[in-house]
Amino acid sequence: MKKLVIKTAVIVICAIVSVLAIVFGILCSTNPKLIAKGFESLGSYSASKYFYEMQYHKTESVDDLFVLIDNAYGADDKISLQNYLGEFITHDEFVVYCKTRNQTLSPNSMKTEEYYSAFYATILFDNGKLDNALSFCRSYADVLGYTKFNPFTQLIDSNLNNFSAEQKGKIITALQSYLSSMDNDLGTELKYQQVNREAQIVSINQDINKLG
């Protein structure tokens, strides 16, 4: 009799486990965000990042990508951060996303596009890709200008004590190249709408002097 009870209990437990596994599998394929939120609430960012990746690949939504980046940061996964920040900044909905977020910010605060652009440049540097970081900073400046919280300035300020002499030289060269490109500008382009040409030149020279 005792053996029969134990056998029945084992069968029931196995059946429950099987049902739970099936339910978990269904949720993973149909609603991975739900699973991700569960792991996120437990502080398990590596696991939640995995399921948010499934969610983003399913929807390609900029909102899901935003949450995925947040979880990659929580998991301290700098490679994933680099990849997904790059996708975020080039996403079709990024400009609209930034405009919406910027509406809630005070006029003198860091803009959403400045924050994520600076974040991306810094992660590139942390991953040993300074040349890529400088190329990205230049592309930002060419379009939006040398804004108050531009990625060049944020990269310099957050890593000033970490740069080698060679790295400082590369950054100075990149800044001088951008300065030279401004010589023939008329000051009417999009990149001068937030900060005028003269003020940008002053800021660039200040950043060059920081690197001394």
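Residues numbered from 1 in each chain as written. Predicted model: local features only at pLDDT ≥ 70, side-chain atom pairs only at ≥ 80, totals over all residues. Heavy atoms only, no water.

A. Just the packing of aromatic side chains, in detail. The final tally for this structure, using the stated rule, is 14 aromatic pairs. Both rings, one in Tyr115 and one in Phe119, keep their centres 5.9 Å apart while their planes meet at 55 degrees; by these two values the pair is tilted. Here Tyr115 and its partner Phe119 are both found in helix H7 (residues 112-126), four residues apart, which amounts to about one turn of the helix. Members of the aromatic cluster, joined through ring pairs, are Phe66, Tyr73, Phe88, Phe94, Tyr97, Tyr115, Tyr116 and Phe119. (Phe/Tyr/Trp six-rings, centres within 6.5 Å; stacked < 30°, edge-to-face > 60°. Helix = DSSP H or I, 4+ residues; strand = E, 2+ residues; numbered from the N terminus.)

B. Quick peek at the packing of helix H3 (residues 45-59) against helix H5 (residues 78-90). At a closest axis distance of 14 Å, the pairing of H3 and H5 adopts a crossing angle of 25 degrees. Of the possible angle classes, the one that applies to H3 and H5 is roughly parallel. The two elements H3 and H5 meet at a crossing, and its hand is left-handed. Of the residues in H5, those touching H3 at Lys49, Glu53, Tyr56 and His57 are Ser80, Tyr84 and Glu87. Of the residues that constitute the contact of H3 with H5, the class distribution is two nonpolar, two polar and three charged. (Axes fitted to C-alpha atoms, helices over the stretch in contact; angles between N-to-C directions. Parallel < 35°, antiparallel > 145°, perpendicular 65-115°, else oblique. Left-handed = near helix turned anticlockwise from the far one by under 90°. Contact = heavy atoms within 4.5 Å. Nonpolar A, V, L, I, M, F, W, Y, C, P; charged D, E, K, R; others polar.)

C. Up close: helix H6 (residues 94-102). Along H6, the positions that sit buried rather than exposed are Phe94, Tyr97, Cys98 and Asn102. Take H6 and look down its axis: the buried residues cluster within an arc of 125 degrees, on one side only. Exposed side chains of H6 directed beyond 90 degrees from the buried face belong to Val96 and Lys99. (Buried < 20%, exposed > 50% of the residue type's maximum accessible area, 1.4 Å probe, protein only. Arc of directions from axis to C-beta.)

D. Representation of unusual backbone geometry within the structure. The residue Glu60 is not glycine, and still its phi comes out positive at about 55 degrees. Among the structural elements, Glu60 can be located in the loop between H3 and helix H4 (62-74). With relative accessibility at 54%, the residue Glu60 sits in the exposed group. Of note, the phi angle at Asp76 is positive, near 55 degrees, even though the residue is not glycine. Along the chain, the position of Asp76 falls in the loop between H4 and H5.

E. Local environment of the environment of Gln193. Considering the arrangement of structural elements, one finds Gln193 in the loop between helix H10 (165-181) and helix H11 (197-211). Overall, Gln193 belongs to the exposed group, its relative accessible area being 62%. Taking the C-alpha atoms as reference, Gln193 lies 8.2 Å from Leu144; in sequence the two are 49 residues apart.

F. Local environment of the pattern of salt bridges. Inspection of every chain in the model, using the stated rule, returns seven salt bridges. A salt bridge links Asp157 to Lys210; the shortest N-O distance between them is 2.8 Å. Taken together, the positions of Asp157 in helix H9 (residues 151-159) and Lys210 in helix H11 put the pair 53 residues apart, joining distant regions of the chain. What makes Asp157 partly exposed here is its relative accessible area of 43%. Put simply, Lys49, Glu53 and Asp77 are held in one network by salt bridges that share partners. (Salt bridge = Lys/Arg side-chain N within 4 Å of Asp/Glu carboxyl O.)

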